[in-house]
Amino acid sequence: KVTFDETKQNAEQLAEVITDMGYPSSLKEVEAEAASSTLSFDNIKVFGALFLVIPMFGGDVPIPVQALLATIIQFGAGYSFYAGAYKSLKSKTVNMDVLVAMGTSAAYFYSLATLIFSFSPHFYFETSGVLIALILLGRYFEKKSKKNAQSGMKALLKMEAKTAKIKKCSSVEE
């Protein structure tokens with residue numbers, strides 16, 4: 001339950017508090033303007049991560065190169081997971097960002113320690129990269145389908161009737 005006193009706070013402040021708690025929020029006017037730029041930045045993250053993760057599956061890529069590619073994916077494309085996890089933990093809640101950050105970090109840092117200290121022949125750089133890339137791809141598809149659904153709803157609302165006729169007994173009223 002949210003209690004909001006308009007005399008003490010405005011809508012922007014409320015949206016900022018909710019975002020700081022780990023739940024992205026914005027005002028509808030702001031969201032509509034920024035949607036196109038956000039979608040294009042998300043496209044770069046998604047397809048950049050996919051582009052970088054594909055070479056890791058060739059088998060011929062040296063482990064140090066995999067480490068470099070995984071580092072770019074982990075802290076470049078995956079930055080949003082760390083930021084979301086920080087905000088979530090700061091507000092003493094746990095969300096999907098915390099789980100993704102923990103899981104991919106475990107695979108990445110285990111592989112990095114293995115690379116540095118040579119205590120195992122197994123590396124999981126591609127695992128952390130693939131997880132981040134596929135989760136970002138899922139978010140991309142989700143945003144795209146929401147955008148399509150919203151445009152469909154707007155089209156339906158434009159088609160609504162402006163007037164209606166009511167038939168009562170033998171008379172018709174508008």
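Everything discussed here concerns the structure shown above.
Residues numbered from 1 in each chain as written. Predicted model: local features only at pLDDT ≥ 70, side-chain atom pairs only at ≥ 80, totals over all residues. Heavy atoms only, no water.

## Focus on the overall build of the chain
Here is step 1 of the chain: Looking only at helices and strands, one finds six helices and two strands in the chain.
Here is step 2 of the chain: Taking 2.2 N^0.38 as the reference for a compact globule, 174 residues should give roughly 16 Å; the C-alpha atoms of the chain span a radius of gyration of 24 Å, well beyond that estimate.
Here is step 3 of the chain: For the chain, the proportion of its 174 residues judged to be buried stands at 25%.
Here is step 4 of the chain: Relative to all contacts within the chain whose residues are 6 or more apart in sequence, the contacts with residues 24 or more apart total 52%.
Here is step 5 of the chain: Carbon and sulfur atoms make up 66% of the accessible area of the chain, which amounts to about 12,400 Å² in all.
Here is step 6 of the chain: Of the side chains in the chain, 18 bear a positive and 16 a negative charge, and the two mean positions are spaced by 5 Å. (Helix = DSSP H or I, 4+ residues; strand = E, 2+ residues; numbered from the N terminus. Rg over C-alpha atoms; globule rule 2.2 N^0.38 Å. Buried < 20%, exposed > 50% of the residue type's maximum accessible area, 1.4 Å probe, protein only. Contact = heavy atoms within 4.5 Å. Areas by Shrake-Rupley, 256 points an atom, 1.4 Å probe, with all protein chains shown as cover. Lys, Arg positive; Asp, Glu negative; His and termini not counted. Charge placed at Lys NZ, Arg CZ, Asp CG, Glu CD.)

## Here we look at the packing of helix H4 (residues 79-90) against helix H5 (residues 96-117)
Here is step 1 of the chain: Viewed as axis vectors pointing N to C, H4 and H5 meet at an angle of 125°, and their least axial separation amounts to 7 Å. It follows from the interaxial angle that H4 and H5 lie oblique. For the pair H4 and H5, the sense of crossing is left-handed. On H5, the residues touching Ser 80, Phe 81, Tyr 82, Gly 84, Ala 85, Ser 88 and Leu 89 of H4 are Asp 97, Val 98, Val 100, Ala 101, Thr 104 and Ser 105.
Here is step 2 of the chain: Counted by class, the contact of H4 with H5 contains seven nonpolar, five polar and one charged residues. (Axes fitted to C-alpha atoms, helices over the stretch in contact; angles between N-to-C directions. Parallel < 35°, antiparallel > 145°, perpendicular 65-115°, else oblique. Left-handed = near helix turned anticlockwise from the far one by under 90°. Nonpolar A, V, L, I, M, F, W, Y, C, P; charged D, E, K, R; others polar.)

## Looking at the pattern of salt bridges
Here is step 1 of the chain: Taken as a whole and judged by the stated rule, the model has three salt bridges.
Here is step 2 of the chain: In this structure, Asp 42 and Lys 143 form a salt bridge, with 2.3 Å as the shortest nitrogen-oxygen distance. Of this pair, Asp 42 sits in helix H2 (residues 28-53) while Lys 143 is found in helix H6 (residues 125-158), placing the two residues 101 residues apart along the sequence.
Here is step 3 of the chain: Classification of Lys 143 as partly exposed rests on a relative accessible area of 40%.
Here is step 4 of the chain: Between Lys 146 and Glu 142 there is a salt bridge; the shortest N-O distance is 3.7 Å. Here Lys 146 and its partner Glu 142 are both found in helix H6, four residues apart, which amounts to about one turn of the helix.
Here is step 5 of the chain: Residue classification places Glu 142 among the partly exposed positions, given a relative accessible area of 42%. (Salt bridge = Lys/Arg side-chain N within 4 Å of Asp/Glu carboxyl O.)

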